[in-house]
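Close look at the chain arrangement
Letter by letter, the chains look like this.
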Amino acid sequence: MSSVISKYLIHALVLFTAFPIHEFAHGYAAYKLGDNTAKYKGRLTINPFAHLDLWGTLMMLFVGFGWAKPVPINPNNFKNRKLGMALTALAGPVSNLIMAFLAMIIYKLIYFHATYSEIMVNIFYVFGYIVSLNIGLAIFNLLPIPPLDGSRIFSIFLKEETYFNIMRYEQIIFLVLIVVMNIGILDAPISALQTGALKIMDILTFFVGRLY
């Protein structure tokens, strides 16, 4: 398989697994905290087509950096608006870390216990990609930059007035973020954080090699 085809398949993997589960997690957390908006809008689903954004999908496929449609949330339905928004935002990256953890277990099970074959080698690499992609997505979204989840988590430490003043410029900040990502300014710090997270994930799944 050519490297170009592999690249597009990897990007499609993000669109059809990591993105929908990430967005579903936001909606489900909001639902459990008292906000039914995502449910009424048909977003409490892992069906990727309910979450894909046209431009975000094209960017992900051809550039490797994209986004899904944000899940609609009404913070007025939370008992504590700031805490509700922070927990709802946190649910997305946490879902990606859970997916990475489960994929790491399967990855190691194949490595330690599977019989060698070309099919198993391909499956092995697929789960390796799933681990790194989900960790990368979680780390990226935890950055305290609007409109990323990290900005909403960090908002719990800000006055509401300060937070909403910042969010007035969300679209401008988002455009700047796209440029910064394509230039590669954030590549080194994100890569360092991803490497650290992978090491932690490896430690947490230490038991897999001791099975059987």
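Read on for an overview of the structure. Keep in mind that what you see is a predicted model, and the values were worked out from it rather than measured.

Thresholds, definitions, all that
Residues numbered from 1 in each chain as written. Predicted model: local features only at pLDDT ≥ 70, side-chain atom pairs only at ≥ 80, totals over all residues. Heavy atoms only, no water. Core = buried A, V, L, I, M, F, W, Y, C linked by side-chain atoms within 4.5 Å. Buried < 20%, exposed > 50% of the residue type's maximum accessible area, 1.4 Å probe, protein only. Contact = heavy atoms within 4.5 Å. Salt bridge = Lys/Arg side-chain N within 4 Å of Asp/Glu carboxyl O. Helix = DSSP H or I, 4+ residues; strand = E, 2+ residues; numbered from the N terminus. Patch = residues over 30% accessible without salt bridge, like charges linked within 9 Å, V, L, I, M, F, W, Y side chains within 5 Å. Areas by Shrake-Rupley, 256 points an atom, 1.4 Å probe, with all protein chains shown as cover. Phe/Tyr/Trp six-rings, centres within 6.5 Å; stacked < 30°, edge-to-face > 60°.

Right, let's talk about the nonpolar core for a bit. Taken as a class, soluble globular proteins show a tendency for nonpolar side chains to be buried jointly. Formed by Phe-65, Phe-140, Leu-143, Leu-148, Phe-174, Leu-177, Ile-178, Val-180, Met-181, Leu-186 and Ile-190, the largest nonpolar core amounts to 11 residues. For Phe-65, the contacting residues outside a window of four places in its chain are Met-59, Met-60, Phe-140, Ile-178 and Met-181. Ala-100, Ala-103, Ile-130 and Ala-197 belong to the second-largest nonpolar core, a separate cluster that totals nine residues.

This part takes up the pattern of salt bridges. Evaluated as defined, the whole model comprises two salt bridges. For Asp-202, the salt bridge identified is with Lys-108, shortest N-O distance 2.5 Å. Taken together, the residues Asp-202 in helix H9 (residues 187-204) and Lys-108 in helix H4 (residues 81-113) connect sequence positions 94 residues apart.

A cluster of nonpolar side chains, Leu-33, Leu-83, Leu-87, Leu-90, Val-94, Ile-98, Leu-102, Leu-142, Phe-154, Ile-156 and Phe-157, forms an exposed patch at the surface whose accessible area comes to about 930 Å². In terms of residues, the nonpolar patch owes the most to one element, H4, which gives six residues. Accessibility expressed as a relative area gives 33% for Leu-33, which makes it partly exposed.

According to the stated counting rule, one finds nine aromatic pairs in the structure shown. A centroid spacing of 6.0 Å and a plane angle of 85° characterise the contact between Phe-206 and Phe-207, whose relative ring orientation is edge-to-face. Overall, the relative accessible area of 47% leaves Phe-206 in the partly exposed class. An aromatic cluster is built from Tyr-107, Tyr-111, Phe-112, Phe-124 and Tyr-125, whose rings are joined through pairwise contacts.

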